[in-house]
Amino acid sequence: MTVVARIEGMVEKRFLMDKLNLVITDNEASLMLARADRQNRDLNQSIRQEQDVAYQESLRADQEKVRRKKEEHERQEKEQEEERNKIIEEELHRENIARLKVELSEQVPDEPTADSVDCIRIMLKLPDGTRLERKFLRNQSLKYLYYYVFCHEKAPDDFQIVTNFPRRTLQCQPTDEVPEPPTFSEAKLGKSEMLFVHDNTA
């Protein structure tokens, strides 16, 4: 702040007014310049504030883009990793199935001859229409029927074997609860049976 005039002591009202008017007139240019300077500073400050706001908004937008790009990259990497793991799991599953088929095929007993008295003739229809025929002894476990079908190249890996009429599912797959399924005789199958292989994944 600058002192532009000084009036001391008791003065008359008119003298005071004249003095003030004179001071204002003498300093009007300086006052206008000061006002213009202050307005300019206010304008510059306002512009800087607007620029700061715009910069912060731009910065937040850029940061949001970076965040989204990072999330998308991480999502793609996760999907690719899951896909790789899925492929590995499927390959391991196929290898395990192939190995199991070799092991179980060796456990299937030899087919009895046609003149065997206590044999049963089984005809099977696979999901793709393939027909199979195999003889078993009536006192043999149904698990050998399951092994025989499981080891066939055209059979599904997960299946059930069902009778035609009356329709029922044969409990022929060994499980932890029933490691030894019933025999053909215990399953009350006739001397010749037509059975159907149902794909559990279809």
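Going by the structure above, here's the rest.
Below, the structure is looked at part by part. Keep in mind that what you see is a predicted model, and the values were worked out from it rather than measured. (Residues numbered from 1 in each chain as written. Predicted model: local features only at pLDDT ≥ 70, side-chain atom pairs only at ≥ 80, totals over all residues. Heavy atoms only, no water.)

**Describing the nonpolar core**
The biggest cluster of nonpolar side chains holds 27 residues, and the ones touching the most others in it are Leu124, Leu145, Val149 and Ile161. Among the secondary structure elements, those contributing two or more residues to this core are α1 (13–105), β1 (119–125), β2 (131–137), α2 (143–150), β3 (159–163) and β5 (192–199). Of the residues forming this core, the biggest block, 7 residues, is contributed by α2. (Core = buried A, V, L, I, M, F, W, Y, C linked by side-chain atoms within 4.5 Å. Buried < 20%, exposed > 50% of the residue type's maximum accessible area, 1.4 Å probe, protein only. Helix = DSSP H or I, 4+ residues; strand = E, 2+ residues; numbered from the N terminus.)

**Overview of the packing of aromatic side chains**
The way to describe two aromatic rings as a pair is by their centre distance and the angle between their planes. For the structure shown, the criterion picks out 6 aromatic pairs. Note on tyrosine 144 and tyrosine 147: the rings are 6.1 Å apart at their centroids and 80 degrees apart in plane angle, and the pair reads as edge-to-face. Here tyrosine 147 and tyrosine 144 lie together in helix α2, a separation of 3 residues that amounts to about one turn. When its relative accessible area of 9% is taken as the criterion, tyrosine 147 is described as buried. Note on tyrosine 146 and tyrosine 147: the rings are 6.4 Å apart at their centroids and 65 degrees apart in plane angle, and the pair reads as edge-to-face. In this structure, tyrosine 146 and tyrosine 147 share a single accessibility class: buried. Pairwise contacts between aromatic rings join Tyr144, Tyr146, Tyr147, Phe150 and Phe159 into one cluster. The aromatic ring of tyrosine 148 is capped on one face by arginine 134, whose charged end is 5.6 Å from the ring centroid. (Phe/Tyr/Trp six-rings, centres within 6.5 Å; stacked < 30°, edge-to-face > 60°. Lys NZ or Arg CZ within 6 Å of the ring centre and 35° of its normal.)

**Remarks on the sheet that holds β1**
Read across the open sheet, the 5 strands follow the order β2-β1-β5-β3-β4; overall the sheet is mixed. Bordering the open sheet on either side are β2 and β4 (169–170), each of which pairs with just one other strand. (Pairing = 2+ DSSP bridges.)

**Some remarks on the pairing of β5**
A one-sided burial pattern is seen for β5, the buried positions being Glu193, Leu195, Val197 and Asp199 and the unburied ones Ser192, Met194, Phe196 and His198. Both β1 and β5 contribute to a ladder of 5 bridges, which runs parallel. If you follow methionine 123 over to β5, its bridge partner there is methionine 194.

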